[in-house]
Amino acid sequence: ATGFSVADKVYDGSRLAQVSGGSLSGLVGTESLGVDAAGSFDTKDAGTKKRVSVTVALANGNNGGLASNYRLEGLAGGLEAFASITPRPISPANLNIVTREYDGTRSASLVPGASLSGLAEGEDLVVRLVGGQFDTPNAGINKPVTGDLTIADGSRGLASNYQLSTSDVASMRGSITPRQLSV
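Starting afresh in each chain, residues are numbered from 1 along the sequence in its written order. The predicted nature of this model means local features are confined to residues of pLDDT at least 70 and side-chain atom pairs, given and counted, to a pLDDT of 80 or more, with totals for whole chains, interfaces and linings taken over all residues. Water and hydrogen atoms were dropped before computing side-chain values, which therefore reflect all heavy atoms in the structure.

Draft legend 1. View of unusual backbone geometry. Of note in the backbone geometry, Lys 49 takes a positive phi value of approximately 45° without being a glycine. For helices the rule is a DSSP run of H or I covering at least 4 residues; for strands it is a run of E covering at least 2, with both sets numbered from the N terminus onward. Along the chain, Lys 49 turns up in strand β6 (residues 47-59). If you check the backbone angles, Asn 94 has positive phi at about 55° while not being a glycine. You can see Asn 94 is positioned in the loop between β8 (88-93) and β9 (100-101). Whether a residue is buried, partly exposed or exposed follows from its accessible area with a 1.4 Å probe, protein chains only, as a fraction of its type maximum: under 20%, in between, or over 50%, in that order. Its relative accessible area of 55% is what places Asn 94 among the exposed residues.

So, in structure tokens, the structure goes:
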């Protein structure tokens, strides 16, 4: 059996690899056989030139081709191939800036509970606002916020398996309330 190829894929949380192609030589007369190939990446995590184990099985074909009349030569351990798993694109969701009291600084932070859309099923990550700053330190409502969004490993997910579609927080806004004074 020759000519198998394994397709690159976007991270999906599984080790499943898509195998295609494959041809047989040495069949008798006009007999044909089916070839079933299945592949498995060495790990489910994103990476380039990852090892893929391919198993091959024969299936009955046409013109009297019976799988039981043939054996695959040299495939006792299966085939080995290489393919890549690229990081999965994800987008931020439910991003809100903490409303805080005036303290003379421009510091801004995310409300806990920010989430990401597009994660593989059952996985989670942490979203952080790095260098979050209000436009001015003065009190105000609906003030622009700048900074960079980053992702970090969650309890059930690795940040390296994902690509944040945007780290831009240009559309984020928050409020600084006037400071309470006592008389």
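Draft legend 2. The packing of aromatic side chains, seen in detail. Two rings from Phe, Tyr or Trp (for Trp, the six-membered ring) form a pair when their centres sit within 6.5 Å of each other. Planes less than 30 degrees apart are called stacked, planes more than 60 degrees apart edge-to-face, and all others tilted. Considering all chains together, one arrives at one aromatic pair under this definition. An angle of 75° between the planes, with centres 5.4 Å apart, marks the rings of Tyr 11 and Tyr 162 as edge-to-face. Of the two residues, Tyr 11 sits in the loop between β2 (9-10) and β3 (16-17) while Tyr 162 sits in strand β13 (residues 162-164), which places them 151 residues apart along the sequence. According to the relative accessible area criterion, Tyr 11 is buried, its value standing at 1%. Look at Tyr 162 and you get buried, because its relative accessible area is 4%.

Draft legend 3. Quick look at the pairing of β8. If DSSP finds at least two bridges between two strands, the strands pair. Bridge count for β8 against β13 is three bridges, and the pairing is parallel. Within β13, the position partnered with Pro 89 by the bridge is Gln 163.

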